[in-house]
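Chain by chain, the residues:
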Amino acid sequence: TQAIPNEQLWLLYSIDGLRQTFIRQLNVVVDIANPKLVVNPRKTDTNGNLQFILPMPQIQFPLDLWFQAVQHSNITNFVPTQLIP
């Protein structure tokens with residue numbers, strides 16, 4: 001929520017925890033270490049909102065994850081979570 005309306009948004013994740021990382025292409029510094037792209041970018045609605053519904057990966061052990069949404073020159077706070085098999 002509260003992203004830039006009608007703009008592309010990338011959802012990133014990390015399994016390596018927190019560390020500031022500069023992403024030159026988007027001119028942002030994210031808070032997650034070794035960020036990876038969850039899915040291709042999607043466009044926010046006219047209010048700057050976007051919902052991601054994603055399949056759960058098969059895992060055998062609990063997995064700590066950190067998510068952060070990114071737009072050009074705009075980021076959200078990171079969200080820590082844990083996947084449990």
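Above this text sits the structure in question.
In this text the structure is predicted, and so the values were computed from the model without any measurement.

Comments concerning the nonpolar core
Generally speaking, a soluble globular protein has its nonpolar side chains buried in company with each other. In terms of nonpolar packing, the biggest core is built from 8 residues, these being Leu12, Ile23, Leu26, Val28, Val30, Ile32, Trp66 and Val70. Listed by contribution, the elements that provide at least two residues to this core are strand 3 (28–32) and strand 6 (63–71). When residues of this core are assigned to their parent elements, the largest contribution, 3 residues, is made by strand 3. Beyond its immediate stretch of four places on either side in the chain, Leu12 contacts Ile23, Val30, Ile32, Pro35, Lys36, Leu37, Val38, Trp66, Phe67, Gln68 and Val70.

A look at the pairing of strand 3
Relative to strand 3, strand 2 (residues 18–23) is paired through 4 bridges, and the arrangement is antiparallel. When the bridges of strand 3 are listed, Ile23 appears paired with Val28.

Description of unusual backbone geometry
One non-glycine residue, Asn34, lies in positive phi territory at about 45°. As for its placement among the helices and strands, Asn34 is situated in the loop between strand 3 and strand 4 (36–37). Phi is positive for Ser73, close to 60°, though the residue is something other than glycine. Among the structural elements, Ser73 can be located in the loop between strand 6 and strand 7 (74–75). On the basis of relative accessibility, which here comes to 42%, the residue Ser73 falls in the partly exposed class.

The rules behind the values
- Every chain is numbered independently, its residues counted from 1 as its sequence is written.
- Where local features are concerned, this predicted model is filtered to residues with pLDDT of at least 70; where side-chain atom pairs are given and counted, the filter is 80 or more; whole-chain, interface and lining totals use all residues.
- Just so you know, side-chain values use all the structure's heavy atoms and leave hydrogens and water out.
- Residues grouped as a nonpolar core are buried Ala, Val, Leu, Ile, Met, Phe, Trp, Tyr and Cys residues, joined through side-chain atoms within 4.5 Å.
- Each residue is placed in one exposure class: buried if its accessible area under a 1.4 Å probe, protein chains only, is under 20% of its type's maximum, exposed if it is over 50%, and partly exposed if it falls in between.
- Counting from the N terminus, the helices are the DSSP runs of H or I reaching at least four residues and the strands are the DSSP runs of E reaching at least two.
- Note on definitions: a residue-residue contact is assigned when non-hydrogen atoms from the two residues lie within 4.5 Å.
- Any two strands with at least two DSSP-identified bridges between them are counted as paired.

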